[in-house]
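# Results of the structural survey
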Amino acid sequence: MASVQKFTASAVRNELRHNDREIRNNSNKDIDPERTPFNYSLLQPGESAYKRYKQRMGELYCYNRKDVKVLAGWVVTCPKEITDQKQQRDFFQVVFDFLTARYGKENTVQAVVHYDEGKREKEFTRWGEPIFDLNGKQQEKIVYGQPHLHFCFIPVVADMNPQHPQREKVCANEVLTRHDLQTFHPDLQRCLNTAGIECAVQNGVTKANGGNRTVAELKENYELKKENERLRSEIDRLRNRDYERT
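Throughout what follows, the structure given in this document is the object of discussion. Note that this is a predicted model, so its numbers are computed, not measured.

Turning next to the pattern of salt bridges. Once the charged atoms of two side chains with opposite charge are near each other, the side chains can pair. For the structure on display, the rule yields 10 salt bridges. Between aspartate 116 and arginine 21 there is a salt bridge, with its nearest N and O atoms 2.9 Å apart. With aspartate 116 in the loop between strand E4 (108-114) and strand E5 (118-122) and arginine 21 in the loop between helix H1 (9-19) and strand E2 (40-41), this pair connects stretches of sequence that are 95 residues apart. Just as aspartate 116 is buried, arginine 21 falls in that class too. Across the salt bridge formed by arginine 56 and glutamate 168, the nearest N and O atoms sit 3.1 Å from each other. Residue arginine 56 is found in helix H2 (residues 49-57), and its partner glutamate 168 is found in strand E9 (residues 168-170); the two are separated by 112 residues along the sequence.

Following this line, the structure appears as structure tokens:
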């Protein structure tokens, strides 16, 4: 239900603009512009996410290398058992408080909840046959999932080097350690339990896959799952056809 991704400086601006829906003519076909007004930020209105990023980076020491990961982003999806919009808002507020306490509110760059994303899927009949439009192109539809939170922050640790006047530095490897990733779901679950939010953030699927996965791994797993479902439907269709012939 949660995944994390790290970004270099060259990718930061586009990532933040994408999450804030500031990119015109977005190429992401899984975004429904009519639902974008339902998105909201958990940060106080004011400076843009990129300005917050630049201001905080100006206070930190950072190695002058292009491969340095200067931004990290958690994507936390609301569990399916929480369907009421007010309860969803309460859930995301607790998650936001948990994340800011864990990684530092001063390091928080962006926290936006998305209601406008889904998965574009090709349409099939109940027998697994593709459905085409008048132009001969297979029809598609957007299947909306649960809302999710994009929480972007600068990974900051204390800088013990006396030659660096900033006293803090950017270091994703020291923040997003193996221990941090392994304890993320259990710690979040305890936080939600304390707040009285009844849901399970670490299910059997999460545990079986070794805890947190990257966004790319989640998307790949989703596509494989959908392809397996399509193949099973096609097998059932062929079996039914052979049965009708007999």
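The next subject is H2. Within H2 the residues assigned to the buried category are Ala49, Tyr53, Arg56 and Met57. Across the axial projection of H2, the buried residues extend over an arc of 100 degrees, all falling on one side.

Our focus in this paragraph is the environment of aspartate 90. Among the secondary structure elements, aspartate 90 is positioned in helix H3 (residues 85-103). The class of aspartate 90 is partly exposed, set by a relative accessible area of 31%. For the pair aspartate 90 and isoleucine 197, spaced 107 residues apart in sequence, the C-alpha separation works out to 8.0 Å.

With that settled, consider the sheet that holds E2. Strands sit in the order E1-E3-E7-E4-E2 across an open sheet of five strands; the sheet is antiparallel. Looking at the sheet topology across the chains shown, the edges are occupied by strand E1 (2-8) and E2. The pairing of E2 with E4 spans two bridges and is antiparallel. Bridge pairing links tyrosine 40 to valine 113 in E4. Of the strands in this sheet, strand E3 (69-77) and E4 touch H2, which is tilted by about 155 degrees from E4.

All right, on to the side chain of arginine 56 then. In this structure arginine 56 comes out as buried when scored by relative accessible area, which is 8%. Here asparagine 107 takes part through its side chain, which lies 2.8 Å from a polar atom of the side chain of arginine 56. In this structure, arginine 56 is in contact with Glu106, Asn107, Ile154, Val156 and Glu168, ignoring residues within four places of it in sequence.

Attention shifts here to unusual backbone geometry. Most peptide bonds are trans, and most residues other than glycine sit at a negative phi. Despite not being glycine, arginine 21 has its phi angle at roughly 55 degrees, a positive value. In this model, arginine 167 sits at a positive phi of 70 degrees, which is unusual for a non-glycine residue. With respect to the helices, strands and loops of the structure, arginine 167 is situated in the loop between strand E8 (156-158) and E9.

Here we take up the packing of H3 against helix H5 (residues 178-194). It is at 10 Å that the axes of H3 and H5 come closest, and there the two elements cross at 135 degrees. By the angle between their directions, the pair H3 and H5 is classed as oblique. Regarding H3 and H5, the two cross each other, and that crossing is right-handed. Only Asp180, Thr183, Phe184, Asp187, Leu188, Cys191 and Leu192 of H5 make contact with H3, whose side of the interface consists of Phe91, Val94, Val95, Phe98, Leu99, Arg102 and Tyr103. Residues of the contact of H3 with H5, tallied by class, amount to 10 nonpolar, one polar and three charged.

What counts, and where the lines are drawn
- Each chain has its residues counted from 1, running along the sequence as written.
- pLDDT decides what is reported in this predicted model: residues at 70 or higher carry local features, side-chain atom pairs at 80 or more are listed and counted, and totals for whole chains, interfaces and linings draw on all residues regardless.
- Excluding hydrogens and water, the side-chain values take into account all heavy atoms of the structure.
- Here, a salt bridge means any Lys or Arg side-chain nitrogen found within 4 Å of an Asp or Glu carboxyl oxygen.
- Secondary structure is summarised from DSSP: a helix means a run of H or I of at least four residues, a strand means a run of E of at least two, and numbering begins at the N terminus for each.
- Partly exposed residues are those whose accessible area sits between 20% and 50% of the maximum for their type, while under 20% is buried and over 50% is exposed, using a 1.4 Å probe and protein chains only.
- It is the directions from the helix axis to the C-beta atoms whose arc is reported.
- At least two DSSP bridges between two strands are required for those strands to pair.
- Contact between two residues is taken to exist if any of their heavy atoms lie within 4.5 Å; hydrogens are not considered.
- For helices, the fitted axis covers only the stretch in contact; all axes are lines through C-alpha atoms, and the angles between them, taken along N-to-C directions, range from 0 to 180 degrees.
- The definition of a polar contact used here is a pair of N or O atoms within 3.5 Å, where within protein one atom must be able to donate a hydrogen and the other to accept one, and adjacent residues in sequence count solely through side-chain atom pairs.
- Put simply, angles under 35 degrees are roughly parallel, angles over 145 are roughly antiparallel, angles from 65 to 115 are roughly perpendicular, and the rest are oblique.
- Crossings are classed by handedness, with left-handed meaning an anticlockwise turn of the near helix from the far one by less than a right angle and right-handed meaning a clockwise turn.
- Amino acids outside the nonpolar list (Ala, Val, Leu, Ile, Met, Phe, Trp, Tyr, Cys, Pro) and the charged list (Asp, Glu, Lys, Arg) are all regarded as polar, and Gly is one of them.

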